[in-house]
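Here's the letter readout for the chains.
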Amino acid sequence: MKRKSGKRGPVAAKKVSYDGINFASGLERYTYMALKKNKLFEGYENEVFQLVESFNFDNESFEKQANGKGEYTNRGQKKILGIKYTPDFILRKSDGSKMYIETKGLWTVKDRFKARLVHEEHDPLDLRYVFSNQNARLYKGSPTSYAMYCQRLGWKYAHKVIPEEWLAECVK
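Residues numbered from 1 in each chain as written. Predicted model: local features only at pLDDT ≥ 70, side-chain atom pairs only at ≥ 80, totals over all residues. Heavy atoms only, no water.

### As for the side chain of Arg112
- Within the element layout of this structure, Arg112 appears in helix H2 (residues 109-121).
- For the buried residue Arg112, which engages in no salt bridge, the nearest side chain bearing the opposite charge is Asp111, 7.4 Å off.
- In contact with Arg112, other than residues within four places in its own chain, are Trp107, Leu138 and Tyr149. (Helix = DSSP H or I, 4+ residues; strand = E, 2+ residues; numbered from the N terminus. Buried < 20%, exposed > 50% of the residue type's maximum accessible area, 1.4 Å probe, protein only. Lys, Arg positive; Asp, Glu negative; His and termini not counted. Salt bridge = Lys/Arg side-chain N within 4 Å of Asp/Glu carboxyl O. Contact = heavy atoms within 4.5 Å.)

As structure tokens, then:
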């Protein structure tokens, strides 16, 4: 008899609590500790960008169920929720502007979509990425890694640790 493995889908990050702050991953906690050590920590997830406003979809839209079976039902006339983006860390740069740091383990399609929206809607925004593995692929079998994706779009990124050059740009 075959045993089924307990693993299903992508690995979920382990939630971590440290200094009274609940982090979504160990990488976020590690980044927090590095920022605190350098006296640069200002807050965790304390600024929200509204990328797309909520709206009411007043039209009718008749569709079958997701599996294609059953009767047609009106799926229209709903409130469509907006899209928000919350960066993990915000640093104050010496010129008075802000640097936003986003830590990522698994960088999903949804995350990449939001990142592109942020860069398009809030240009010039200094948003930088710290990946747990910059060589990870966008999806299984993808020829493109997280690093290659960022390079192609001209985004700054780092592997596991915030580079000293980034920290040198900030006010202590």
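### Quick look at the state of the cysteines
- In the structure shown here, the tally under the stated rule is 0 disulfides.
- Cysteine Cys150 is unpaired, with the sulfur of Cys170 as its nearest cysteine sulfur at 18 Å. (Disulfide = S-S within 2.5 Å.)

### Here we look at the pattern of salt bridges
- One pass over the full model with this rule turns up 8 salt bridges.
- When the shortest N-O distance is used, the salt bridge between Lys104 and Glu102 registers 3.5 Å.
- With relative accessibility at 14%, the residue Lys104 sits in the buried group.
- The buried category is assigned to Glu102, whose relative accessible area is 4%.
- Residue Asp126 pairs with Arg128 through a salt bridge whose shortest N-O separation is 2.7 Å. The same class applies to Asp126 and to Arg128, which are both buried.
- Overlapping salt bridges, with partners in common, bring together Lys93, Asp126, Arg128 and Glu169 in one network.

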